[in-house]
Amino acid sequence: MLKAGEWAYSDTLKEHFMNPKNILQGENTDAFDGVGMEGNLQCGDQMMVVIKVDKDKELITDCQWKTYGCASAIASTSILSEMVKGKTLEEAFNVTPKDVAKELGGLPDNKIHCSVLGDKALRAAINNFYTRNGMTDKVKQEQAKIVCQCMNVTDHDIEEAILEGARTYLELQERTKLGTVCGQCKDEAESLLEKFKHIHFGV
Amino acid sequence: MAEMKVYFDNNATTPLHPEVKKEMIAAMEMFGNPSSMHSYGREAKANVEDSRRKVAEFIGAGEQEIVFVGSGSEANNTVLSLFICSTSQCIPGTRMRSTIITTKIEHPCVLETSECLAHRGVKVKYLDVDRYGKIDLDQLAGMLGDDVGLVSVMMANNEIGTVQDIEAISALVHQSGALMHTDAVQAVGKLPVDVCKLGVDFLTISGHKIYGPKGVGALYVRQGTPYCPFIRGGHQEKGRRAGTENTLGILGLGKAVEMRALEMQGEEARLLDLKRALKRGIEERIDDIVFNGHPTDTLAGTLNVSFSGVEGEAVLLYLDLAGIAVSTGSACASGSLDPSHVLMATGVDAERAHGSIRFSLGRESTIAQVEYVLDVLPPTIQRIRNMSTAYIKGEVHA
């Protein structure tokens, strides 16, 4: 239970919100080896992550960012930028929102959504580095896979709906309209539901 | 600068008036059931009726026209739910009049109840608002007809403060033979409210918005108006609202109204001065801002402003760390992912809604507090803009 005067967020999150680390100064990103941008202003959050890379060792030597986002977005990207410094591109690519949330000391369920943009933008920056350096074979597309053919709903749409609050198959249907025509995708959608609930909320 | 505590969120709720608090504490041991005939019951009953007289007087109603309820939301639910009970006792001829008209900027307790009624066969029409949050009387006139049973329009909006011309709306509504309800939760105690002048059939009041206690409200029901209790099963409130009375809450509401009658007149001018100082200071010290709501037909203490390139929840929480309490229309602060439905209805884009902050001043607000906010706010906005992908100086996302 929340005590009087206590934040709904952890102390670590509060610290990173009050004193965010590695904010990109100004607009110029020329000094960086990879730039990634995700989200949009209409949804209320947008994220830019830029990285410097030791090209021989494929190590991230610096990671900076800018965001149009709430306290959770600011804090989670701040901590992410600290976490990935010194990591290989491969390691950094595999950092999940759950890792970030854990490092922050937990996030309220309705705030998980706000924290996923940081690592999406980081992966975009890593891919951007590969592309710039002619290493296109290493670019890992986060390929969306169509789950519901009738309503054209992808696994990304399903993940998004779960982050926005869908917890049951019915709620998933309400948000995405998947499985409302032929219904053949129900099993696959249900297993994705369990998977993403586990990834993002540990349930 | 020394930190101050500044509560500029009076549209969300207000602190108890010291006189209300004193009266409630003194009455804390009054436990009798107003329905009981013995001395304990009579004491409680006398206090409830005393409050009823105060509330009635305050809005120009008769005592028998006031029903005490648990909240403003309950009062609004009660009025709209008349339509679920479609027997002739509740709304005469209702089978012919099965449409409700309301606006897109109502409180969720009206909008969600309307949606629920729509699932039960009631037809609901929603009035648009202009960029200032005003409804259009011509659009209303076009919607009215033999099928419309009730029109519900809030008197003053909680988010942007815009005040509607309820008198003109009521006149139009009554010409068509429909009933008129106004949710006056934000207006009562701030603006003069006289039910006869307004010409409404139902009017909603809440205790905690006027320095009274939470958990109590009042519904004005014009004498002779069709009515159906929302909570059934008791003779309390003349059978209009079952459940043993919240005597202490009702007593507090009565005292709160009494204090409003004494204090509100001079207060409006004072709050308007404070708001102007706040507005001018923001304009002078911060670039790329837009004020939301109506420039003149608005609550004296409410100022809603959008800061380009910043997200409202971040502003709210940085201000909170500096001791300042405000609200935002940002989605992130609401628990949903949609920004303020009120701002969206006024036609602003989602980014401007996400970047909106509401300052709502009240009787305890001072010019020193306004100055403190004006010291803290500019560096806070600058700090967020420095880390924002969305802020390009000079570009107002209007």
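Residues numbered from 1 in each chain as written. Chains lettered and ligands numbered in written order. Predicted model: local features only at pLDDT ≥ 70, side-chain atom pairs only at ≥ 80, totals over all residues.

Undergrad: Before we move on, could you go through the sheet that holds strand β8 (residues 217-221) of chain B and cite the residues and values that matter?
TA: All names here are of chain B. Sheet architecture is open: 7 strands sit in the order β2-β8-β7-β6-β5-β3-β4, paired in mixed fashion. Sheet topology places β2 (66-69) and β4 (123-127) at the edges, where each strand pairs with a single neighbour. Ignoring strand direction, the axes of neighbouring strands in this sheet form an average angle of 20°. Relative to strand β6 (residues 179-183), strand β5 (residues 148-152) is paired through 3 bridges, and the arrangement is parallel. (Pairing = 2+ DSSP bridges. Helix = DSSP H or I, 4+ residues; strand = E, 2+ residues; numbered from the N terminus. Axes fitted to C-alpha atoms, helices over the stretch in contact; angles between N-to-C directions.)

Undergrad: Describe the packing of helix α10 (residues 312-321) of chain B against helix α13 (residues 367-386) of chain B, naming the residues involved and giving the relevant values.
TA: Residues and elements named next belong to chain B. Packing of α10 against α13 leaves a shortest axis separation of 10 Å and a crossing angle of 135°. Comparing their axes, α13 and α10 come out oblique. As α10 runs across α13, the sense of the crossing is right-handed. On the side of α10, the interface is formed by Ala314, Val315, Tyr318 and Leu319, while α13 contributes Val376, Thr380, Ile381 and Ile384. When grouped by side-chain class, the residues that make up the contact of α10 with α13 number 7 nonpolar, 1 polar and no charged. (Parallel < 35°, antiparallel > 145°, perpendicular 65-115°, else oblique. Left-handed = near helix turned anticlockwise from the far one by under 90°. Contact = placed C-beta atoms within 7 Å. Nonpolar A, V, L, I, M, F, W, Y, C, P; charged D, E, K, R; others polar.)

Undergrad: Break down the interface of chain A and chain B for me, with residues and values.
TA: Accessible area lost upon the coming together of the parts serves often as the stated size of an interface. With 22 residues of chain A at the contact, the number on the chain B side is 20 residues. Only α1 (11-18), β2 (45-54), β3 (59-68), α2 (71-84) and α5 (112-132) of chain A provide two or more residues apiece to the side of chain A that touches chain B. In terms of residue count, β2 of chain A provides more of the side of chain A that touches chain B than any other element does, 4 residues in total. Tallied by class, residues from the side of chain A that touches chain B come to 12 nonpolar, 7 polar and 3 charged.

Undergrad: Any chance you could break down unusual backbone geometry for me, citing the residues and the numbers?
TA: All names here are of chain B. Positive phi, close to 65°, is recorded for Tyr211, a residue that is not glycine. A positive phi angle, close to 55°, is found at Asp288, a residue other than glycine. With respect to the helices, strands and loops of the structure, Asp288 is situated in the loop between α9 (247-285) and β9 (289-292).

Undergrad: Run through the nonpolar core, naming residues and quoting values.
TA: Counting 157 residues, the largest nonpolar core has Val49 of chain A together with Ala218, Tyr220 and Val315 of chain B as its most contacted members. With 11 residues, α9 of chain B is the largest single contributor of residues to this core. Excluding residues within four positions of it along the chain, Ala218 of chain B makes contact with Val55, Ile66, Val67, Phe68, Val69, Ile205 and Leu253 of chain B. (Core = buried A, V, L, I, M, F, W, Y, C linked by C-beta atoms within 7 Å. Buried ≥ 20, exposed ≤ 12 C-beta atoms within 10 Å, placed from the backbone.)

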